[in-house]
Each structure stands twice: as C-alpha cells, then as structure tokens.
Amino acid sequence: MNEKVVKSSSSNRTVTLVDNATGREFSFPVISGSVGPDVIDLRNLYQDTGFFTFDPGYTSTGSCESAITFIDGNEGTLLYRGYPIQDLAEHSDFMEACYLLLYGDLPNAEQKRRFEHDITYHTMLHEQMHEFYDGFRRDSHPMAVMVGVVGALSAFYHDSTDITNPRHRMIASYRMIAKMPTIAAWAYKYAIGQPFIYPRNELKYSENFLHMLFANPCEPYVINPVLARALDRILILHADHEQNASTSTVRLAGSSGANPFACIAAGIASLWGPAHGGANEAVLRMLEEIGDKSRVPEYVKRAKDPDDPFRLMGFGHRVYKNYDPRARIMRQTCYEVLDELGVRDEPLLELAMSLENIALDDEFFVKKKLYPNVDFYSGIIFKAMGIPLSMFTVLFAVARTVGWVAQWNEMIEDPTQKIGRPRQLYTGATRREYKLLAQRA
Ligand code: CMC
C-alpha cells in the first residue's frame with residue numbers, strides 16, 4: 001500500500017465532561033482529520049471515569065481512522081481517496097477505481113495494464129467449487145449462495161489466508177475482486193438452470209461479467225458497449241462508502257484475525273438487508289406494488305404515518321442530508337440505458353420520477369432531509385438490462401468487494417487496531433438464586 005495518508009492530529013483543544021453528581025471534571029482531547037468534523041478521543045473514558053458511552057446504531061461514533069473514502073452528508077459530497085465520485089464515474093473505469101481504493105492513487109498506464117492483467121489472472125474458480133453450487137436448492141436467493149460460496153473460498157485458497165503476510169493479503173484481495181463476478185454469475189446461472197459460463201480474460205471486467213451472466217453455449221453473445229459502460233459506472237458508484245453497516249461488519253469480523261474470505265462473506269450477509277444493499281431490490285418491489293402514478297400520494301401518506309412501518313425504499317440515508325451524489329449519476333445512467341435499449345415511456349421510471357417529485361416537495365421529507373439514495377434508480381437500470389430482481393443486491397456486493405478489501409487491509413495495517421468489542425447498557429435481571437427443576441413453579 002503506497003497511499004499518501006494524511007495522519008490525524010491532536011490539537012490543544014479538549015472537551016470537558018462534568019459529572020454533576022460528584023462535581024468531578026474529566027477532559028478529553030479533540031482530534032482532527034484532514035477534512036470533516038473533529039472527534040473527541042474517548043479511548044480512556046472508561047479507565048478515567050468508569051462510564052461507557054451509549055450510542056446504539058453508532059450515530060455519533062467514529063470506529064476507526066481511515067484514509068479511503070470521505071462523505072460530506074450536508075453537502076452531498078463523496079470522495080474516493082480525495083477524488084469526487086462524479087469525476088471517477090465520468091472519466092475512470094471500475095478497474096481504475098479499484099486500484100485507487102486499494103493503493104491510494106490513480107494508476108498510470110503501466111500500473112493499470114498490470115493491475116488489469118493480474119485481476120484477470122484470478123477470475124476462474126477452483127473447478128471443485130462447481131460442485132459446491134449443487135448443494136443449494138435451485139430457488140435459493142443468489143445472496144444466500146454468495147454468502148456460502150464466498151465463505152467457502154477460505155476452504156479452497158489456503159495460500160492466501162495468512163493475514164500477517166502482506167503478500168497473502170494482497171493475493172486474497174485480488175482473488176475476491178476477480179472472482180466475485182464469476183461467483184455471482186454462476187449463482188444466477190444455477191438459479192435458471194443454464195450451464196456455467198467461464199470467464200473470458202480478453203474482456204474488460206464489466207464486459208466479462210455481462211458475458212458470464214448472459215452468454216450461453218448455443219449462440220454467440222454480443223456485448224453492448226453502452227450497457228457494459230453503464231454497468232462499469234454502477235460498479236464505480238457502489239465501490240466504497242466509508243464505515244457503512246457491511247464495511248463495519250467486515251472490519252469487526254476481521255478485527256478478531258479471521259481470514260479475509262470469511263470477513264467478506266460476513267460483509268455480504270450484512271449488505272443483504274433491505275435497509276442497506278437490499279434496498280435496490282426493495283425499491284423495485286415497492287414501485288411494482290404502487291403500480292400507478294395515481295397511487296403515489298397514498299404511499300407517500302403511508303411513509304409519513306408513524307404507526308405504519310412502511311418506508312419509501314431508496315429514500316433517506318444515515319449520512320446524506322442532501323441529494324446522494326450517486327443517485328444523480330444513477331438517474332442519468334438510467335436515461336442512457338433506456339435510450340440505448342429503445343425503451344420509451346418506461347412506466348417504472350415515470351412512477352419513480354413522480355414519487356421523487358412528490359416526496360421532494362413534501363414537508364415531511366424536506367424537514368427530515370430525506371432524499372433519493374443510490375438505490376432509488378439502480379433497480380430500473382438493472383431491470384432494463386435484463387438482470388433479475390434477486391440479482392440486484394448481488395451486483396452491489398460485486399461492486400462493494402473492493403471497498404471491503406481496501407478497508408480490511410487498512411485495518412490490518414493500522415498499528416492501533418484492536419479487536420472490536422463494544423460494551424452495553426445491561427437492563428436484564430440482576431443476580432438471583434438458581435432453582436433446581438423440581439423447585440420451579
Ligand atoms: N421513508 C419514510 N421515512 C423515513 C425514511 C424513508 N425511507 N427514512 C427515514 N425516515 C424517517 C424515519 O422514520 C425517522 O423519522 P422520526 O425521526 O420521526 O423517527 C427519520 O426519518 C430518521 O430515520 P432513521 O431511521 O432514524 O435514520 P437512519 O439513519 O437510522 O436510517 C436508512 C437510514 C437508510 C436506514 C433509512 O433512511 C431507510 O430505512 N431508508 C429506506 C431504505 C433504503 O433506501 N436504504 C438504502 C440506503 S443507501 C444504500 C446503502 O447504504 O446500502
């Protein structure tokens with residue numbers, strides 16, 4: 001790893017906590033990053049005061065130092081290693097974004113050629129993994145297959161599981177970035193009962209992924225360059241997003257010293273939920289359920305009802321309190337893909353736009369700063385490309401793998417890294433006397 005890390009710095013500033021029961025005062029140092037809000041260093045809080053913090057959902061907790069991705073949620077800014085997502089989506093391809101996230105800088109031409117070659121070299125799966133798929137029911141959700149097969153990589157690639165060895169770590173990282181499209185495409189082929197299509201190493205990453213998803217042995221499959229470019233851009237947009245639920249899961253799993261394949265499988269499991277990566281699938285289900293523009297107000301009303309668990313999927317974000325910059329690019333990509341495919345008046349797109357307009361004007365959404373997120377338009381693009389609903393979150397997992405491995409590597413290399421071990425506010429029974437079975441009423 002050769003990134004230029006801007007180290008955090010302690011200032012003379014401190015924050016004082018006063019215990020009004022005892023009048024005792026405790027001071028804690030303030031630390032600054034390169035950009036973004038300062039943090040209060042509470043590492044000695046328990047030792048100095050006897051208190052823990054209580055922050056369910058970690059809404060105010062920084063769990064690590066990181067130099068990979070920066071989000072300014074109020075501005076609606078997303079930077080990978082300092083580069084705005086808009087520039088990367090417009091000018092780079094996914095392989096460049098991967099190199100950037102892993103190594104800290106954009107590659108020069110030779111570095112890019114070499115990186116693409118090395119990733120390509122790892123696209124095949126151990127042939128025995130073929131049989132692994134047969135253990136799943138045909139109607140398994142492809143995310144279930146992803147969790148299982150990615151976790152199983154640790155049983156096949158023993159030569160890259162020594163996490164103390166930087167070379168092992170890098171080989172494992174390359175393997176996962178390279179093999180993820182193969183694993184994902186095979187999960188799809190298995191579900192529809194078609195033969196697995198092997199990677200073709202002369203193809204670019206996204207072209208190869210489309211090829212493995214849609215080719216079959218009986219006829220040639222012609223890759224549409226507009227769709228390949230759109231998929232590549234979607235992969236860039238999803239590649240990393242700082243300490244979200246799945247990335248934090250990868251870090252937490254990895255903090256115990258678990259092997260990287262197991263950690264990424266844990267990340268995939270976390271991504272699956274509808275509040276996270278599963279939202280792209282949930283958005284499309286929601287749009288299909290709404291069915292018609294005339295029913296949009298009814299669903300907006302339900303989303304605002306505190307007694308109704310319904311939420312507008314693809315809306316809201318823990319960090320963005322402004323339009324998610326990825327959603328804008330996604331909307332543009334959506335137009336390009338529909339145009340290329342000659343899809344005019346796509347009812348789901350019209351419905352999505354109507355929902356967006358109504359919600360963006362509504363006082364509830366304005367006040368709570370709920371804007372469309374990355375998942376709002378991606379499902380419509382995937383559907384137009386012929387990708388089935390159950391594969392939507394799988395595509396997110398393929399894209400996010402590079403973010404997960406970059407964050408995992410950063411964590412392993414961090415000398416201050418410790419096993420992740422939060423505490424709790426215990427509200428259960430206090431100590432009580434054990435009764436033998438015969439004495440229990
Ligand atoms: N529809 C209606 N109300 C919402 C929505 C929504 N989509 N999102 C948040 N709210 C309300 C929520 O009810 C709460 O209201 P109140 O303060 O009155 O209780 C307020 O806004 C804050 O919501 P929160 O749940 O406390 O916020 P959070 O930061 O914990 O959750 C979120 C963020 C993304 C889980 C949530 O906005 C949500 O469930 N959105 C829908 C699912 C979704 O689109 N997820 C994809 C996120 S982007 C991609 C990714 O990260 O994978």
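Up top is the structure.
Residues numbered from 1 in each chain as written. Predicted model: local features only at pLDDT ≥ 70, side-chain atom pairs only at ≥ 80, totals over all residues. Heavy atoms only, no water.

Q: Is there a simple way to think about empty space enclosed by the protein in this case?
A: Leftover empty space is mapped by rolling, across the atoms, a probe with the size of a water molecule. Evaluated as defined, the whole model comprises one cavity of 30 Å³ or more. The space that makes up the largest cavity amounts to roughly 30 Å³. In terms of lining, the largest cavity is formed by Gly-316, His-317, Tyr-320, Asn-322, Asp-324, Lys-369, Leu-370, Tyr-371, Pro-372 and Asn-373. Here the lining of the largest cavity is built from residues that sort into four nonpolar, four polar and two charged. (1 Å grid on protein atoms, 1.4 Å probe; cavity = no way out; pocket = protein on both sides within 12 Å on 5 of 7 lines; lining within 4 Å. Points joined across faces, edges and corners; volume = space filled by probe spheres on them. Nonpolar A, V, L, I, M, F, W, Y, C, P; charged D, E, K, R; others polar.)

Q: Where do I start with the site of the ligand in this structure?
A: What surrounds the ligand is a group of 21 residues, the closest being His-276, Leu-312, Gly-314, Arg-318 and Lys-368. In the model, a nitrogen atom of the ligand is placed 2.7 Å from a nitrogen or oxygen of the Leu-312 main chain. At 2.9 Å from an oxygen atom of the ligand is found a side-chain nitrogen or oxygen belonging to Asn-373. Taken together, the residues of the shell around the ligand break down into 11 nonpolar, six polar and four charged. (Near = heavy atom within 4 Å. Polar contact = N/O pair within 3.5 Å; in protein donor to acceptor, adjacent residues only side chain to side chain.)

Q: I'm lost on the nonpolar core in this one. Help?
A: Across soluble globular proteins, you tend to see nonpolar side chains buried next to one another. If you look at the biggest cluster of nonpolar residues, it comprises 120 residues, and the most contacted ones within it are Leu-102 and Tyr-133. Element by element, the count of residues in this core is highest for helix H7 (residues 166-192), at 14 residues. (Core = buried A, V, L, I, M, F, W, Y, C linked by side-chain atoms within 4.5 Å. Buried < 20%, exposed > 50% of the residue type's maximum accessible area, 1.4 Å probe, protein only. Helix = DSSP H or I, 4+ residues; strand = E, 2+ residues; numbered from the N terminus.)

Q: Before we go on, may I ask you to explain the sheet that holds strand E5 (residues 77-80) in this structure?
A: Strand order in the open sheet made by the three strands is E4-E5-E6, with antiparallel pairing throughout. Each having just a single partner strand, strand E4 (69-72) and strand E6 (83-84) make up the two edges of the open sheet. Where E4 lies against E5, four bridges are found, and the strand directions are antiparallel. What sits directly across from Ile-71, in E5, is Leu-78. (Pairing = 2+ DSSP bridges.)

Q: Explain helix H10 (residues 245-254) to me, please; I cannot follow it from the model alone.
A: Three- or four-residue spacings in an α-helix give side chains the same orientation, since the helix completes a turn every 3.6 residues. Of the residues making up H10, those classed as buried are Ser-246, Thr-247, Val-250, Arg-251 and Gly-254. With its buried residues spanning 140 degrees around the axis, H10 presents them on a single face. Structurally, H10 contributes buried residues whose contacts are with helix H11 (260-271) and helix H18 (392-413). (Arc of directions from axis to C-beta. Contact = heavy atoms within 4.5 Å.)

Q: Would you mind going over helix H13 (residues 296-304) with me for this structure?
A: Taken as a whole, H13 has its buried residues at Val-296, Tyr-299, Val-300 and Ala-303. Down the axis of H13, the buried side of the element spans an arc of 100 degrees, and every buried residue falls inside it. Buried residues in H13 make contact with helix H12 (279-290), helix H15 (347-361) and helix H16 (363-367).

Q: Hey, could you run me through the environment of Asn-224 in this one?
A: Mapped onto the fold, Asn-224 is located in the loop between helix H8 (205-214) and helix H9 (225-237). Classification of Asn-224 as buried rests on a relative accessible area of 19%. Here the alpha-carbon distance between Asn-224 and Leu-341, two residues 117 residues apart in the chain, equals 9.8 Å.

Q: For this particular structure, what's the right way to read the sheet that holds strand E1 (residues 9-19)?
A: Neighbouring strands of a sheet are bound in pairs by backbone hydrogen bonds; such pairs are parallel or else antiparallel. Pairing within the open sheet is antiparallel, and its three strands lie in the order E1-E2-E3. The outermost strands of the open sheet, each flanked by one partner alone, are E1 and strand E3 (39-40).

Q: Sorry, what's going on with the packing of aromatic side chains here?
A: For the structure on display, the rule yields 21 aromatic pairs. Plain terms: the ring middles of Trp-186 and Phe-196 are 4.6 Å apart, the flat faces sit at 10 degrees to each other, and that makes the pair stacked. Residue Trp-186 is found in helix H7, and its partner Phe-196 is found in the loop between H7 and H8; the two are separated by 10 residues along the sequence. Accessibility classification places Trp-186 together with Phe-196 in one group, the buried group. Counting every residue linked through ring pairs, the aromatic cluster contains Phe-315, Phe-364, Phe-365, Phe-376 and Tyr-377. (Phe/Tyr/Trp six-rings, centres within 6.5 Å; stacked < 30°, edge-to-face > 60°.)

Q: I keep staring at the pairing of E1 and nothing clicks. Help me out?
A: Regular strands have side chains that alternate between both faces of the sheet. As paired strands, E1 and strand E2 (residues 24-32) are joined by eight bridges and run antiparallel to one another. Across the sheet, Thr-16 pairs through a bridge with Ser-27, a residue of E2. Between the antiparallel neighbours E1 and E2 lie four residues, among them Gly-23 with a positive phi of about 80 degrees.

Q: Even after reading the chapter, I still don't get the pattern of salt bridges, so can you show me in this structure?
A: Two side chains that carry opposite charge are able to pair once their charged atoms sit near each other. Within the structure shown, the criterion is met by 21 salt bridges. A salt bridge links Glu-110 to Arg-113; the nearest nitrogen and oxygen atoms lie 3.0 Å apart. On the criterion of helical spacing, the pair formed by Glu-110 and Arg-113 is a turn pair, its members being three residues apart in helix H4 (residues 109-121). (Salt bridge = Lys/Arg side-chain N within 4 Å of Asp/Glu carboxyl O.)

Q: How do you make sense of the side chain of Glu-356 when you look at a structure like this?
A: Structurally, Glu-356 is set in helix H15. A distance of 2.7 Å separates polar atoms of two side chains, one belonging to Glu-356 and the other to Tyr-323. Residue contacts for Glu-356: discarding those within four places in its chain leaves Phe-315, Tyr-323, Arg-331, Pro-372, Phe-376 and Tyr-377.

Q: Teacher, can you tell me more about the pairing of E2 here?
A: Pairing of E2 with E3 involves two bridges; the strand directions are antiparallel. Of the residues in E3, the one forming a bridge with Val-30 is Ile-40. Where E2 folds back onto E3 in an antiparallel hairpin, the turn is made up of six residues, including Gly-36, whose phi is positive at roughly 100 degrees.

Q: Can you help me understand the environment of Glu-288 in this one?
A: Within the secondary structure layout, Glu-288 lies in helix H12. Residue classification places Glu-288 among the partly exposed residues on the basis of a relative accessible area of 43%. In sequence terms Glu-288 and Tyr-426 are 138 residues apart; their C-alpha atoms lie 43 Å from each other.

Q: Can you help me understand the state of the cysteines in this one?
A: Covalent bonding between the sulfur atoms of two cysteines is what defines a disulfide. Applying the stated criterion to the full structure yields zero disulfides. Looking at the unpaired Cys-263, the closest cysteine sulfur is the one in Cys-64, lying at 14 Å. The buried category is assigned to Cys-263, whose relative accessible area is 0%. (Disulfide = S-S within 2.5 Å.)

Q: What should I look at first to understand the environment of Leu-101 in this one?
A: Here Leu-101 shows up in helix H3 (residues 94-103). With relative accessibility at 0%, the residue Leu-101 sits in the buried group. For the pair Leu-101 and Tyr-371, spaced 270 residues apart in sequence, the C-alpha to C-alpha distance is 27 Å. Apart from residues no more than four positions distant in its own chain, Leu-101 is found in contact with Ile-68, Thr-69, Tyr-80, Arg-81, Ala-239, Asp-240, Val-402 and Ala-406.

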